[in-house]
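Listed below are the residues making up each chain.
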Amino acid sequence: MKFFLILALVLPFAALAQESGSESPAPATTCDADEYRQFDFWIGNWEVSSGGQPAGTNSIHPVLNRCALQENWQGAGEGGISGTSFNIYDRATDHWHQTWVDSSGTLLQLDGGLVDGVMVLSGQRPARDGGGMVMHRISWTPNPDGSVRQLWEASKDDGASWAVLFDGLYMRSPSDS
């Protein structure tokens, strides 16, 4: 009788141990898909100009196992605004996402993706004067010479018209060679 009692107590644990040992581990989440590489043309150390004048420097590097890009901007001149962003391809939405924060307290959240070889991200935020919402659209265009054009536009009329906030040319920093 003791034998059957011990057997009844031990068998469920033996079966459980066998089941847990036979399961293969869940596959690791990786960011190796081609979509995660769509913004790689922006990676590097950059000297940025606008209208032929120095605008600042920018450093963009992959972080978190190449799952995201981190941007570190420093505006030119004394009192130049500094800022940082995280950029990630979101598998769940099939879109790119950028969260930007700068030294003036601005938060800008953008979503979008690659359109004909150009990364285009857009989003809305309240107008500084409290008068409604402003749409923001930023595009990054890789040029044949390795430079990148960044065009930042804003619209106060739901996209009927756009004003250029920044038109910058990114040239690789000599330290990036």
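Our structure is the block above this text.
Residues numbered from 1 in each chain as written. Predicted model: local features only at pLDDT ≥ 70, side-chain atom pairs only at ≥ 80, totals over all residues. Heavy atoms only, no water.

Q: Hey, could you run me through unusual backbone geometry in this one?
A: Leave glycine aside and you will find that most residues have negative phi; peptide bonds, for their part, are mostly trans. In this structure, Arg66 is a non-glycine residue whose phi angle is positive, near 65°. With respect to the element layout, Arg66 can be found in the loop between β2 (53–63) and β3 (68–75). Residue Arg66 is classed as partly exposed on the basis of its relative accessible area of 39%. Located in the positive-phi region is Asp158, a residue other than glycine, with phi close to 55°. Within the secondary structure, Asp158 is located in the loop between β9 (148–155) and β10 (163–172). Judged by relative accessible area, Asp158 falls into the exposed class, the value being 66%. (Helix = DSSP H or I, 4+ residues; strand = E, 2+ residues; numbered from the N terminus. Buried < 20%, exposed > 50% of the residue type's maximum accessible area, 1.4 Å probe, protein only.)

Q: Explain the pattern of salt bridges to me, please; I cannot follow it from the model alone.
A: Close approach of charged atoms allows side chains of opposite charge to pair. Considering all chains together, one arrives at four salt bridges under this definition. Asp40 is the salt-bridge partner of Arg37, the closest N and O atoms lying 3.0 Å from each other. Accessibility expressed as a relative area gives 24% for Arg37, which makes it partly exposed. Measuring nitrogen to oxygen at the nearest pair gives 3.0 Å for the salt bridge that ties Glu153 to Arg137. Note that Glu153 is positioned in strand β9 and Arg137 in strand β8 (residues 133–142), a separation of 16 residues in sequence. Here the salt bridges share partners, and the residues they tie into one network are Arg37, Asp40 and Arg66. (Salt bridge = Lys/Arg side-chain N within 4 Å of Asp/Glu carboxyl O.)

Q: Just checking my understanding: could you explain the side chain of Asn87 for this structure?
A: Structurally, Asn87 can be placed in strand β4 (residues 82–90). With relative accessibility at 0%, the residue Asn87 sits in the buried group. The residues touching Asn87, leaving out its near neighbours within four places in the chain, are Phe39, Trp42, Cys67, Ala68, Leu69, Glu71, Trp96, His97 and Gln98. (Contact = heavy atoms within 4.5 Å.)

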